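One letter stands for each residue in the lines below.
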Amino acid sequence: MMNTAFDDCVREGRAAFRNAGVSAQSHHSHTRGTVQYEGFTAGFNEARHAAHARALDDSLAYHNLSTRDAHIDLAWANRLAARAGQ
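## Regarding the packing of aromatic side chains
- All told, the structure shown has two aromatic pairs when counted by the stated rule.
- With centroids separated by 5.4 Å and ring planes inclined at 80 degrees, the aromatic side chains of phenylalanine 17 and phenylalanine 44 adopt a geometry described as edge-to-face. Highlighted residues: phenylalanine 17 in helix 1 (residues 2–20) and phenylalanine 44 in helix 2 (residues 35–68), separated in sequence by 27 residues.
- Here phenylalanine 17 falls in the buried class, since its relative accessible area comes to 14%.
- Seen from their ring centres, phenylalanine 40 and phenylalanine 44 are 6.3 Å apart, and the 15 degrees between their planes marks the pair as stacked. Here phenylalanine 44 and phenylalanine 40 lie together in helix 2, a separation of four residues that amounts to about one turn. Comparing phenylalanine 40 with phenylalanine 44, the two get one shared label, buried.
- In this structure an aromatic cluster arises from ring pairing among Phe17, Phe40 and Phe44.

As structure tokens, then:
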């Protein structure tokens, strides 16, 4: 019975983060120190850390995409500027 309550609260914590973000951390009625509170917090933090990791991966992918051809773009812009100056 205790494990089921914990698992339910873990799912509740994950759902709270997905639905309301970090502001949802206090959107529960569990008393601090209880199994329910610990489960909610564990699920919330798990979802928060997963979102953080995805955001870092997306940021790195965007950075790699935007800097991959930077030297080609710069050369093209310099050629264009030189033509405009003639």
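## Things to note about the confidence of the model for the protein chain
- Here the protein chain shows a mean pLDDT of 87. Residues at 70 or above account for 97%.
- The least confident element of the protein chain, judged by mean pLDDT, is helix 3 (residues 70–84) at 85; the most confident is helix 2 at 91.

Reading guide: rules and limits
Residues numbered from 1 in each chain as written. Predicted model: local features only at pLDDT ≥ 70, side-chain atom pairs only at ≥ 80, totals over all residues. Heavy atoms only, no water. Phe/Tyr/Trp six-rings, centres within 6.5 Å; stacked < 30°, edge-to-face > 60°. Helix = DSSP H or I, 4+ residues; strand = E, 2+ residues; numbered from the N terminus. Buried < 20%, exposed > 50% of the residue type's maximum accessible area, 1.4 Å probe, protein only. pLDDT = per-residue confidence, 0-100.

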